[in-house]
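A look at the structure
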Amino acid sequence: MDDLKARYLTQIAEAEDESALEAIRIAAVGKKGEVALRMRELGKMTPEERQAAGPALNALKDEINSALAARKAALADAALDERLRAEWLDVTLPARGRRQGTIHPISQVTEEVTAIFADMGFAVAEGPQIESDWYNFDALNIPGHHPARAEMDTFYTHRAEGDDRPPHVLRTHTSPVQIRAMQDQGAPIRVIAPGRVYRADYDMTHTPMFHQVEGMAIDRDISMANLKWVLEEFVKAFFEVDDVELRFRASHFPFTEPSAEVDIRCSWESGTLKVGEGDDWLEILGSGMMHPKVLEAGNIDPAEWQGFAFGMGIDRIAMLKYGIPDLRAFFDSDLRWLRHYGFAALDVPTLRGGLSR
Ligand code: DAH
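Every chain is numbered independently, its residues counted from 1 as its sequence is written. Whole-chain, interface and lining totals are the exception, using all residues; otherwise, since this is a predicted model, local features are given only for residues with pLDDT of at least 70 and side-chain atom pairs are given and counted only at 80 or more. Side-chain measures were taken over the full set of non-hydrogen atoms in the model, leaving aside hydrogen atoms and water.

Points about the site of the ligand
- The ligand sits among 15 residues. The nearest are H173, S175, R199, Q212 and E214.
- Residues adjacent in sequence count toward polar contacts only when both atoms are side-chain atoms; beyond that, a polar contact is any pair of N or O atoms within 3.5 Å, and within protein one must be able to donate a hydrogen and the other to accept it. Here A309 contributes a backbone N or O atom positioned 3.1 Å from an oxygen atom of the ligand.
- Contacts to the ligand include F310, whose backbone N or O atom sits 3.3 Å from an oxygen atom.
- We get accessible surface area from the Shrake-Rupley algorithm with a probe of 1.4 Å; when it comes to residues, only the shown protein chains can shield them. Expressed as a share of its isolated accessible area of 360 Å², the protein-covered part of the ligand is 91%.
- Secondary structure follows DSSP: runs of H or I at least 4 residues long count as helices, runs of E at least 2 residues long count as strands, and numbering of each begins at the N terminus. Those elements giving two or more residues to the shell around the ligand turn out to be β5 (209–219), β9 (280–290) and β10 (306–313).
- Side-chain classes follow a simple rule in which Ala, Val, Leu, Ile, Met, Phe, Trp, Tyr, Cys and Pro form the nonpolar group, Asp, Glu, Lys and Arg form the charged group, and the remainder, Gly included, forms the polar group. Classifying every residue of the shell around the ligand by side-chain character gives four nonpolar, nine polar and two charged. Nearness is defined per residue: one heavy atom within 4 Å of the molecule or strand is enough.

A look at the environment of Q108
- Among the structural elements, Q108 can be located in helix α5 (residues 105–119).
- Relative accessible area serves as the criterion here: at 2%, Q108 is assigned to the buried category.
- For the pair Q108 and A187, spaced 79 residues apart in sequence, the C-alpha to C-alpha distance is 30 Å.
- Contacts are residue-level and defined by heavy atoms, with any inter-residue pair within 4.5 Å sufficient. Filtering out sequence-adjacent residues up to four positions away, Q108 remains in contact with I103, Y322, F343, D347, P349, L355 and S356.
- Only 2.7 Å separates the side chain of Q108 from the side chain of E112, close enough to count as a polar contact. A simple rule labels every residue: compare its accessible area, found with a 1.4 Å probe on the protein chains alone, to the largest value its type can have, and call it buried under 20%, exposed over 50%, or partly exposed in between.

With respect to the packing of helix α3 (residues 34–41) against helix α4 (residues 47–86)
- Axis definition: a line fit to C-alpha positions, over the contact stretch in the case of helices; interaxial angles, taken between N-to-C directions, run 0 to 180 degrees. At their nearest, the axes of α3 and α4 sit 10 Å apart, and the two run at 170 degrees to each other. Between α3 and α4, the interaxial angle falls into the category roughly antiparallel. From α3, V35, R38 and M39 reach across to α4, where they touch L57, N58, L60, K61 and I64.
- Of the residues belonging to the contact of α3 with α4, the class tally is five nonpolar, one polar and two charged. For classification, angles of less than 35 degrees are called roughly parallel, those exceeding 145 degrees roughly antiparallel, those between 65 and 115 degrees roughly perpendicular, and all remaining angles oblique.

Some thoughts on the UniProt feature "binding site: Mg(2+)" (unreviewed entry) in the chain
- Mapped onto this structure's residue numbering, the UniProt feature "binding site: Mg(2+)" (unreviewed entry) falls at E257.
- Topologically, E257 is positioned in strand β7 (residues 256–267).
- A relative accessible area of 49% places E257 in the partly exposed class.
- Filtering out sequence-adjacent residues up to four positions away, E257 remains in contact with M289 and H291. UniProt positions are given in the numbering used here, feature names are shortened, and annotations may be inferred rather than shown by experiment.

Concerning empty space enclosed by the protein
- Cavities and pockets are defined on a 1 Å grid built over the protein atoms alone: a cavity is a set of grid points where a 1.4 Å probe fits but cannot escape, while a pocket is an open set with protein on both sides within 12 Å along at least five of seven lines, and lining residues are those with an atom within 4 Å of any such point. Grid points are joined across faces, edges and corners, and a volume is the space filled by probe spheres set on the points. In this structure the tally under the stated criterion is one cavity of 30 Å³ or more.
- Taken as a whole, the largest cavity encloses approximately 30 Å³ of empty space.
- The wall of the largest cavity is formed by V177, Q178, V191, A193, E214, G215 and M216.
- Within the residue set of the lining of the largest cavity, elements represented by two or more residues are α8 (176–185), β4 (189–198) and β5.

Shown next as structure tokens:
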């Protein structure tokens with residue numbers, strides 16, 4: 001019995017993991033283990049022998065069981081120690097400033113625009129980037145044969161053979177969000193809708209994906225004067241200047257009547273843009289009074305309500321404000337460019353705290 005005990009206690013002490021321990025347990029004190037076999041032999045013994053061997057076997061069984069439990073606990077402790085050593089982390093180390101990410105200029109400018117319009121009571125509305133051609137075109141008074149459809153270099157999705165519903169499009173502008181916001185919220189309403197738009201075009205100043213922000217205000221007596229004031233406030237706040245001069249040039253968009261393109265007075269002295277002075281004009285957006293058919297498409301009665309709308313290129317105003325020469329660099333994911341033009345992650349633009357500082 002001493003042999004038996006020595007053998008199993010050694011095996012237990014040398015067991016490397018739980019499954020090894022379990023194998024030893026079955027061999028030693030399992031139902032058909034060695035201790036059980038010995039117990040069966042008790043019947044063949046004389047009463048005296050049995051009286052000595054019985055308690056000794058029970059004691060051996062207890063001793064093996066507690067050695068198993070102790071070894072199991074020791075293995076678990078060792079595993080935990082090992083994990084703590086491997087996953088150790090010094091939380092007192094200072095942050096590595098140079099490796100911190102930056103906010104992309106597009107995100108920054110979107111936040112700036114949102115902060116400025118929020119201050120004038122505009123909420124943010126959103127719509128899908130894959131849009132039905134009804135929302136992208138028809139509802140905006142751009143019928144099937146209209147040249148604007150062709151001009152927009154539209155990306156169409158594919159329909160299955162024999163499915164002759166019109167295909168969906170990647171939205172070519174943020175204007176369809178006008179329709180969705182009207183349908184969802186009714187009038188009066190004041191929203192902007194920043195987001196991605198898509199056109200099949202690629203050169204220094206065009207990328208197939210770019211960003212616009214749509215603006216829309218509908219009430220009983222909204223006029224061009226409201227549009228002009230809102231845009232002036234916006235341009236002053238955005239370019240962080242005290243005075244601006246806007247020029248409204250008559251234009252044409254199917255979804256507005258009358259329509260105007262808006263230029264801002266600027267100078268380009270030694271290659272840097274100055275807003276509010278000089279003899280140059282810079283086109284920044286399209287706008288107008290919302291066409292009655294567009295209001296109707298949004299389930300709003302044009303006899304009762306009227307509104308203005310505008311659409312502006314976010315990438316373009318970002319390039320202008322931050323002196324970024326090539327639009328395509330926005331989407332190259334070049335870390336050196338991102339470090340140079342990016343913004344500190346914690347500087348959230350607000351009108352009180354400063355937009356870009
Ligand atoms: N959707 C036009 C574009 O992408 C921009 C635009 C012009 C939007 C006039 C408007 C607007 O809301 O009134 O070129």
